[in-house]
Amino acid sequence: MTNRQIHLGLLAQPQGDHPAGWLKSRAPLDAATDIDYYRSVAQLAEQGLFDLFFIADTPATRTDNLHVHSRNPEYNNRFEPITLLSAIAGATHHIGLGATASTSFYEPYNIARLFASLDHISHGRAGWNIVTSANDYAARNYGLDKLPPHDERYVKAHEFYKLVESLWDTWEDDAFVYDRESVTYYDPAKYHVTEHEGKYFKLFGGLNIRRTPQGRPVIIQAGSSETGKNFAAETAEVVFASDPTLAAGKKFYADLKGRLAQFGRSPDDLKILAGLSVMVGESEAEAQEKYQELQRLIHPDVGIMRLSADLETDLSKLPLDEPVPVSMIPAKANFHQSYFNMIAEMIRAQKLTLRQLYAAYERGKVTLCGTPVSIADHMMEWMESDAADGFMMSFHVVPDDLSDFITKVVPELQRRGVYRKAYSGNTLREHLGLTRPANRHSR
Ligand SMILES: Cc1cc2nc3c(=O)[nH]c(=O)nc-3n(C[C@H](O)[C@H](O)[C@H](O)COP(=O)(O)O)c2cc1C
């Protein structure tokens, strides 16, 4: 038995991550813009001793097929994530606070500044999920007709990241002396300008905030294409994995960890969190029934729309109860390669009808219906098999499924000695067992 500690992140969706979750949720109907409610969910996750509370994002509404999108709360009504986390920081004390921000639509200076501020505001709990974005709705809000090609977005992301990292090292840790006697606020020798002219960005300047409690906020990433994995191996400290089976999870884990050495990093410098949703019951049958009840509530418009978006083709004209033809799979993906490949694989291998396919398709995670014991067994199996360092949890119906997990599964994990009984550190880096990076300019 391993005693390796499980790390847990929460992918926070106000009423739940399931396409029909909001229909069953006890959260306020306007939960998406209710800051008091959001704070209560973060506090609940903190009671469950989670490492990370995480907000996914895309800076766009859906602008077409509104009769379909209007059945789904996911995209068109939401807080800006860094503003939201700044408000949550004041209502929590330990839990890490991570948000997505896209390298396709920000300037590096904005990101460096926003996350440095969040790290100070939260006393060292900030994490930045670097994405390149994966829809044209967002592109059209930023002067483009469509997203640049997939691999080119990663080239830009790399240049972007290097600049942000450099800006976070503008000030050495002890630069600010605040010495009234000598009338010296900071030591100018410990200030370092970033000067850069590259393919996408030109910058000359320093960050106008002192070095942050964590040195640099934690870097998160979730791409699983070849380019995505290489980028993660060089830069990421947390990776959200989305493999559906233990065999695939082990392969991804070994592959990604194996790429770290070429960047002078060790396997422990990056934590892989596998996507997981759970339904807890007194018996597996009861949990399964709860899940199936929810699955039956998926509106076909929503199910088909989610599939069509990730397969990058319109499936809405197909009959619901006939197998999806292999010929519907486009030659190539430009948005999320991992999601695209997952759907394509399901169509090829499983010959599911459209209705079965949208119910079976889980975006970036696995759903486990079980008892606290069987769920803990599953989590330990992934840890012991080197398929994960922890789990990126999302819950179908929030707050109830999150609360069930915390009151029923967490104690089982604690009893087995694989999950903390109290926070032992204060920063997100400390929770995850990541070292605080030295400033590149410090001697
Ligand atoms: C748990 C999780 C959260 C994610 N959050 C976001 C997000 O907030 N915004 C976004 O544009 N992409 C998000 N993604 C998608 C990935 O960041 C990535 O863009 C996608 O997998 C495509 O990369 P790839 O083609 O390299 O696989 C998320 C993925 C996972 C598994």
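Residues numbered from 1 in each chain as written. Predicted model: local features only at pLDDT ≥ 70, side-chain atom pairs only at ≥ 80, totals over all residues. Heavy atoms only, no water.

### Focus on the site of the ligand
We apply this condition: Distances are taken per atom, and a residue is near a molecule or strand as soon as one of its heavy atoms is within 4 Å of it. Note that accessible areas follow from Shrake-Rupley with a 1.4 Å probe, and for residues the cover is restricted to the protein chains shown. Helix and strand definitions follow DSSP, with helices as H or I runs of at least four residues and strands as E runs of at least two, each counted in order from the N terminus. Under the scheme applied here, ten amino acids are nonpolar (Ala, Val, Leu, Ile, Met, Phe, Trp, Tyr, Cys and Pro), four are charged (Asp, Glu, Lys and Arg), and all others, including Gly, are polar.
Inspection of the region around the ligand gives 19 residues, with Asp-57, Thr-100, His-150, Tyr-154 and Ser-225 positioned closest. Summarising the interface, the protein chains cover 93% of the accessible area of the ligand, which totals 630 Å² for the free molecule. Of all the elements in the fold, those that place two or more residues in the shell around the ligand are β4 (126-131), α7 (150-168) and α12 (337-350). Ranked by residue count, the leading element in the shell around the ligand is α12, at three residues. The residue makeup of the shell around the ligand, split by class, is seven nonpolar, eleven polar and one charged.

### Points about the packing of aromatic side chains
Keep this limit in mind: Aromatic rings from Phe, Tyr and Trp, with only the six-membered ring used for Trp, were paired whenever their centres fell within 6.5 Å, and each pair was classed as stacked if the ring planes differed by under 30 degrees, edge-to-face if by over 60, and tilted otherwise.
All chains considered together, the criterion is met by 19 aromatic pairs. Ring-pair connections join several aromatic residues into one group, and the members of that group are Phe-115, Trp-128, Phe-160, Trp-168, Tyr-200 and Phe-201.

### A short note on the pattern of salt bridges
For clarity, the cut-off: The salt bridge definition used is simple: a Lys or Arg side-chain nitrogen within 4 Å of an Asp or Glu carboxyl oxygen. Between buried and exposed lies partly exposed: a residue is buried under 20% and exposed over 50% of the maximum accessible area for its type, with that area taken using a 1.4 Å probe on protein chains only.
Inspection of every chain in the model, using the stated rule, returns 36 salt bridges. A salt bridge links Asp-389 to Lys-257; the nearest nitrogen and oxygen atoms lie 2.8 Å apart. With a gap of 132 residues between them, Asp-389 in the loop between α14 (372-384) and β13 (390-393) and Lys-257 in helix α9 (residues 246-258) connect regions that are remote in the sequence. For Lys-257, a relative accessible area of 11% puts it in the buried group. Salt bridges sharing common partners tie together Lys-162, Glu-165, Asp-169, Asp-173, Arg-211, Arg-216, Glu-234, Arg-436 and Arg-440.

### Considering the UniProt feature "binding site: FMN" (unreviewed entry) in the chain
Put simply, the rule reads: UniProt positions are given in the numbering used here, feature names are shortened, and annotations may be inferred rather than shown by experiment. Both cavities and pockets are sets of points on a 1 Å grid over the protein atoms alone; in a cavity a 1.4 Å probe fits but cannot get out, in a pocket the set is open with protein on both sides within 12 Å along at least five of seven lines, and lining residues sit with an atom within 4 Å of a point. Every residue pair with non-hydrogen atoms within 4.5 Å of one another is taken to be in contact.
Mapped onto this numbering, the UniProt entry annotates "binding site: FMN" (unreviewed entry) at Asp-57, Thr-100, His-150, Tyr-154, Ser-224 and Ser-225. The annotated residues that sit in the lining of the second largest pocket are Ser-224 and Ser-225. Counting through the fold element by element, Thr-100 comes out in strand β3 (residues 96-102). For Thr-100, a relative accessible area of 6% gives the class buried. When residues no more than four places from it in sequence are discounted, the contact partners of Thr-100 are Phe-54, Ile-55, Ala-56, Asp-57, Pro-81, Asn-129 and Val-131. According to the relative accessible area criterion, Ser-225 is buried, its value standing at 6%.

### What to know about the UniProt feature "domain: Luciferase-like" (unreviewed entry) in the chain
Per the UniProt annotation, the sites labelled "domain: Luciferase-like" (unreviewed entry) are residues 27-321. Secondary structure over residues 27-321 splits into 38% helix and 17% strand, and the C-alpha atoms at its two ends are 33 Å apart.

### Side note on the pairing of β4
Under the convention used in this document: The pairing criterion for strands is at least two bridges between them, as found by DSSP.
The buried fraction of β4 amounts to five of the six residues, a majority that puts the element mostly inside the structure. Across six bridges, β3 lies against β4 in parallel orientation. Considered in β4, the bridge of Gly-98 is made with Gly-127.

### Overview of the packing of α7 against helix α8 (residues 226-235)
Selection criterion: Geometry is summarised by axes, namely lines fitted to C-alpha atoms with helices restricted to the contacting stretch, and by angles between N-to-C directions that run from 0 to 180 degrees. The labels follow the angle: roughly parallel below 35 degrees, roughly antiparallel above 145, roughly perpendicular from 65 to 115, and oblique for the rest.
Between α7 and α8, the shortest axis-to-axis distance is 10 Å and the interhelical angle comes to 10°. Taken together, the axes of α7 and α8 lie roughly parallel to each other. Contacts between α7 and α8 pair His-150, Asp-151, Tyr-154, Ala-157, His-158, Tyr-161 and Lys-162 from the former with Thr-227, Gly-228, Phe-231, Glu-234 and Thr-235 from the latter. Its residues assigned to classes, the contact of α7 with α8 shows four nonpolar, five polar and three charged.

### Re the side chain of Gln-13
Within the element layout of this structure, Gln-13 appears in the loop between β1 (7-11) and α1 (21-24). Apart from residues lying up to four places away in sequence, Gln-13 is in contact with Glu-74 and Val-398.

### Section: the environment of Lys-250
You can see Lys-250 is positioned in helix α9. When the C-alpha positions of Lys-250 and Val-238 are compared, they lie 16 Å apart, and in sequence the two are twelve residues distant. Other than its neighbours up to four places away in sequence, Lys-250 contacts Ser-385, Asp-386 and Ala-387.

### A few points about the layout of surface pockets
Cut-off, in case you're wondering: Grid points are joined across faces, edges and corners, and a volume is the space filled by probe spheres set on the points.
The volume enclosed by the second largest pocket comes to roughly 710 Å³. Secondary-structure elements contributing two or more residues to the lining of the second largest pocket are α8, α9, α12 and β12 (366-370). Counting residues per element, the lining of the second largest pocket draws most heavily on α12, which supplies eight residues. Residue classes in the lining of the second largest pocket are distributed as ten nonpolar, nine polar and eight charged.

### Points about the packing of α8 against α9
At a minimum axis distance of 9 Å, the contact between α8 and α9 shows a crossing angle of 55°. For the element pair α8 / α9, the angle class is oblique. Only Phe-252, Asp-255 and Leu-256 of α9 make contact with α8, whose side of the interface consists of Lys-229, Ala-232 and Ala-233. A breakdown of the residues in the contact of α8 with α9 according to their chemical character gives four nonpolar, no polar and two charged.

### Overview of empty space enclosed by the protein
Enumeration according to the criterion identifies three cavities of 30 Å³ or more in this entry. Looking at the largest cavity, it is lined by 15 residues, and the ones nearest its centre are His-18, Pro-19, Gln-295, Arg-306 and Tyr-361. Elements with a contribution of two residues or more to the lining of the largest cavity: α10 (284-295), α11 (300-311) and α13 (354-360). Residue composition of the lining of the largest cavity, grouped by class: six nonpolar, four polar and five charged. Taken as a whole, the second largest cavity encloses approximately 50 Å³ of empty space.

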